[in-house]
Amino acid sequence: MPLTVQIPYTRLIDDHGQPQADLPAWIDDPQLLRAFYQDMVLVRAFDQKCVALQRTGQIGTYASTLGQEAIGAAVGHAMTAEDVLIPYYRDTSTQLQRGVAMHEILLYWGGDERGSAWENPAVAEDFPICVPIATQACHACGVASAFRIRQQARVAVTTCGDGATSKGDFLESLNLAGVWQLPVVFVVNNNQWAISVPRSLQTAAPTLAHKALAAGIPGEQVDGNDVLAVYDRVSQAIQRARAGKGATLVECVTYRLGDHTTADDASRYRSADELNAAWKHEPIGRLQRFLHDHGLWDEQQEQQLQRDITERINDAVERFRNMPPSDTAAAFDYLYAELPAQYQAQREQLQARLDARGGTGHE
Amino acid sequence: MKQFKLPDLGEGLQEAEIVEWHVQAGDEVEVDQLLVSVETAKAIVDVPSPYAGVISRCFGKPGDLLHVGEPLVGFEGEAEDSGTVVGNLGAASGSSDLAADDFHIGAAPSTRDFQPARAAPAVRALARKLDVELGRVSGSGPNGLITEQDVRSASEGPAGFEGTALRSVRRTMAKNMARAHAEVVPVMIVEDADLHGWPTSARDPIIRLARAIAKACLAEPALNVAFDGRRLSIQTHDKVDLGVAVDTPDGLFVPVLRDVASREAEDLREGLARLRRDVANRSIPPSELMGATITLSNFGTLFGRYASPVVVPPQVAIVGAGVIRDAVVAWQGEPAVHPILPISLTFDHRAVTGGEAARFLKALVEDLERSS
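Each value, and the rule that gives it
Residues numbered from 1 in each chain as written. Chains lettered and ligands numbered in written order. Predicted model: local features only at pLDDT ≥ 70, side-chain atom pairs only at ≥ 80, totals over all residues. Helix = DSSP H or I, 4+ residues; strand = E, 2+ residues; numbered from the N terminus. Buried ≥ 20, exposed ≤ 12 C-beta atoms within 10 Å, placed from the backbone. Contact = placed C-beta atoms within 7 Å. Pairing = 2+ DSSP bridges. Core = buried A, V, L, I, M, F, W, Y, C linked by C-beta atoms within 7 Å. Axes fitted to C-alpha atoms, helices over the stretch in contact; angles between N-to-C directions. pLDDT = per-residue confidence, 0-100. Parallel < 35°, antiparallel > 145°, perpendicular 65-115°, else oblique. Left-handed = near helix turned anticlockwise from the far one by under 90°. Nonpolar A, V, L, I, M, F, W, Y, C, P; charged D, E, K, R; others polar.

A closer look at the overall build of chain B
No. 1: Within chain B, the secondary structure is distributed over six helices and 19 strands.
No. 2: Taking all 372 residues of chain B together, the buried fraction comes to 30%.
No. 3: Taking the contacts inside chain B whose residues are at least 6 apart along the sequence as the reference set, 62% of them involve residues at least 24 apart.

As for the overall build of chain A
No. 1: Counting its regular elements, chain A contains 13 helices and eight strands.
No. 2: Every one of the 363 residues in chain A was classed for burial, and the buried ones make up 45%.
No. 3: Long-range pairs, those at least 24 residues apart, make up 75% of the contacts in chain A with a sequence separation of at least 6.

A few points about the sheet that holds strand β8 (residues 71–75) of chain B
No. 1: With antiparallel pairing, the four strands of this open sheet are ordered in space as β1-β8-β6-β3 (chain B). The sheet is open, and its two edges are formed by β1 (2–5) and β3 (28–29) of chain B, each paired on a single side.

Observations concerning the nonpolar core
No. 1: Ranked by size, the top nonpolar core spans 88 residues in total, and within it Val184, Val185 and Val234 of chain A carry the most contacts.
No. 2: Looking at which element gives the most residues to this core, the answer is helix α1 (residues 30–55) of chain A, with 12 residues.
No. 3: Leu195, Leu209, Phe347 and Leu368 of chain B belong to the second-largest nonpolar core, a separate cluster that totals 47 residues.

Comments concerning the sheet that holds strand β1 (residues 9–10) of chain A
Residue and element names in this part refer to chain A.
No. 1: The parallel open sheet is built from six strands, whose spatial order is β1-β7-β8-β4-β3-β2. Edge strands, defined here as strands with exactly one partner in the open sheet, are β1 and β2 (84–86).
No. 2: As paired strands, strand β7 (residues 219–223) and strand β8 (residues 248–253) are joined by five bridges and run parallel to one another. Bridging from a neighbouring strand, Val222 pairs with Cys252 of β8.
No. 3: The strands touched by helix α9 (residues 227–242) within the sheet are β1, β3 (156–161), β4 (184–190), β7 and β8, with β8 carrying the most contacts at an inclination of about 170°.

A short note on the pairing of strand β2 (residues 15–21) of chain B
All names here are of chain B.
No. 1: Sheet analysis places β2 next to strand β7 (residues 65–67), joined by three bridges and oriented antiparallel. Residue pairing for β7: Ala16 is matched across the bridge by Leu66.
No. 2: Note that β2 and strand β4 (residues 34–39) share four bridges and pair antiparallel. Paired with Ile18 across the two strands is Val38, which belongs to β4.

Examining the confidence of the model for chain B
All names here are of chain B.
No. 1: Taken residue by residue, chain B gives an average pLDDT of 84. The fraction at 70 or more is 87%.
No. 2: Segment residues 80–114 is flagged for pLDDT under 50; beyond a separation of four residues in sequence, or across chains, it makes 78 contacts in the model.
No. 3: Reported confidences for the modelled complex are a pTM of 0.61 and an ipTM of 0.71.

What to know about the packing of α1 of chain A against helix α2 (residues 69–78) of chain A
Residues and elements named next belong to chain A.
No. 1: It is at 9 Å that the axes of α1 and α2 come closest, and there the two elements cross at 135°. Comparing their axes, α2 and α1 come out oblique. Along this stretch, α1 crosses α2, giving a crossing that reads as right-handed. Seen from α1, the contacting residues are Leu32, Ala35, Phe36, Asp39, Met40, Val43 and Arg44; seen from α2, they are Glu69, Ala70, Gly72, Ala73 and His77.

A closer look at the environment of Gln288 of chain A
Residue and element names in this part refer to chain A.
No. 1: Position of Gln288 among the secondary structure elements: in helix α11 (residues 283–293).
No. 2: A sequence separation of 250 residues divides Gln288 from Gln38, and the C-alpha atoms of the two residues are 9.8 Å apart.
No. 3: Beyond its immediate chain neighbours, meaning those up to four positions away, Gln288 contacts Tyr37 and Trp297.

Considering the packing of α1 of chain A against helix α12 (residues 299–322) of chain A
Residue and element names in this part refer to chain A.
No. 1: Relative orientation of the contacting elements α1 and α12 amounts to 45°, with a least axis distance of 10 Å. Relative to α12, the element α1 lies oblique. Both α1 and α12 take part in a crossing whose hand is right-handed. Where α1 abuts α12, its residues Gln38, Val41, Leu42, Ala45, Phe46 and Lys49 lie against Leu305, Ile309, Ile313 and Val317.
No. 2: For the contact of α1 with α12, the per-class residue count stands at eight nonpolar, one polar and one charged.

Examining unusual backbone geometry
Residues and elements named next belong to chain B.
No. 1: For the bond from Pro313 to Pro314, the omega torsion is 10°, close enough to zero to count as cis.
No. 2: Positionally, Pro314 belongs in the loop between β16 (294–297) and β17 (317–321).
No. 3: Positive phi outside glycine occurs at Asp131, with the angle close to 60°.
No. 4: Residue placement: Asp131 occurs in the loop between α1 (121–130) and α2 (148–155).
No. 5: Classification of Asp131 as exposed rests on a count of 10 C-beta atoms within 10 Å.
No. 6: Look at Asp259: it is not a glycine, yet its phi comes out positive at around 50°.
No. 7: By the secondary structure assignment, Asp259 is in the loop between β15 (256–257) and α5 (265–280).

Considerations on the environment of Pro221 of chain B
No. 1: By the element assignment, Pro221 of chain B lies in the loop between α4 (206–219) and β10 (225–228).
No. 2: Along the backbone, Pro221 of chain B and Thr236 of chain B are 15 residues apart, and their C-alpha atoms lie at a distance of 7.7 Å.

Considering the pairing of β17 of chain B
All names here are of chain B.
No. 1: Of all five residues that make up β17, five are buried, and the element is covered over most of its length.
No. 2: The alternating pattern of β17 places Ala317, Val319 and Ala321 on one face and Ile318 and Gly320 on the opposite face, and all of these are buried.
No. 3: Pairing geometry for β17 and strand β19 (residues 334–348), over five bridges, is antiparallel. Bridge pairing in β19 links Gly320 to Ser344.

Rendered as structure tokens:
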């Protein structure tokens, strides 16, 4: 039986910033359009700095979002403050939109628990970065269930990569979200590569969005390099969930222009031709062109933005460097609301040893 | 000079090979300017500069392998923080005790010293057999893997050492002594035998020593046994077959004087003379060099007082006899000058107790001190 189901695909502007359809009414918001652009430029520069910090031993492994900046910028703006983000490790941009501070993101990748204990009360209920693949989809169903039980008009938004859609956790979560009609939105960053596994070897499904159909929820594709399209479709999905109509899967089709993480070298399994071709579709240039064309951006603003970004990033790095190290015993303090007795005993044992040695345990 | 040390560039990667330098000593660099490309087990990585400054030194050449924590680049300027710059997050302002706290993210101390040698189990077994310390062998296999040939080469000594190879008797001596040293747990006990009761003419004690050892073996048979350290078993001997160490220019010979407990002194003297003659002529059959149950090293014919002679398994004891000398001793409450024969006994404590050894030595010395 042929797979005849057509999955909707949305693109609002093309590689050259040219409108591809009737643009939605919300487009008449120059401030929002500029914010998309500024956020994407910021995260690209911040990613570059993070890689340099990893290369000089100042933070650990880092996952750059190079080429996929549109997704985080769009999702971050589409969510409202009372929604909850359940992110994975390629969500720097989304987290920044939500209100996580840059130096906190550096702390996280520097292995410091305080990198997930954010100061901004606006993100108090957002989840920390999930590194195990697809488990965050289950967490998101839990969060969405809580919203239903409490009868709150809030939405759980979770993100994952293309590789995660092959995991049981992801498929089970889709199923649960469908049958319980949960207020959850699954945003898939299909960047074509699960570390070294290409999309073609990931699944025989024609699109990743098809996976939603078996769960009885809508699945659709958007041009993941078109921040306007992503914002439009994710906003729709969030509104739908908030209205009690259930979950949606939005597959953002994009391309990972960088390595999987700083511990990877994509040139070993990916051709330079493919990479060069993908650069032609990257998200920032097309939005800049669109803004230019509509008189919303000029060279002076660009230069001011670059100066601001450099300053903000340098300030964040400086703040990160100047953070006093946390106590070694803090390793126990961030997982449980109340530390179980056996860990309490271990914590005291560790603290006694540290006290006997003097200092914080960092040598 | 501030030093930028090689950080962990992956997840737990301990080393990186320099591919290409993009700067050289004297260059002024900006923060995040590309310094060097290195290759880890996972990737070729471009390493940027952690700060602005003037390069004073690049450590290593393309192809060199650096370990995490080893210096990569030196910057001009004073060493501000004991040479550790990378990942030193510094101190919170106003908190003085933190200033002394070197907090590193990513950069671990050099792990070269803690890395176990990489070798397959069979190669490890060979190294144990050949007594080669793997930590001192540099592997020629992939990623420094130590091969069987590496171990064999190491056991043959360092290349370029041009000594004269030991041959025959000396070679055997070297091997036997090394094996004995590796296996035996030697303990030494010494005593002097006062020979004032001996006829004044008697100064060649070898036959008396043989008899005294035989008597001591009778009194304490525990020292006249064969011990198997692998099976941890002891085999007692009915007879005392005494190995007698004979020094020759070619090395050490230990011909065996059979059944010394039941032979007359004259018989023993003739037997010993024959053995020595055969050794000197190199005509002694191998069978005459095997099967000693206990050994005597009469180095007193040469020089020296006490010694710690080596027990050769499966024997468990060896007696050393030094030069007979005149010495002042306390004799019936008065100082007196007596001929004194110093005796050393080494025993293998795996098989023999200290008490057994002391009783053996007491019986030996008491027999020696008899006038005839």
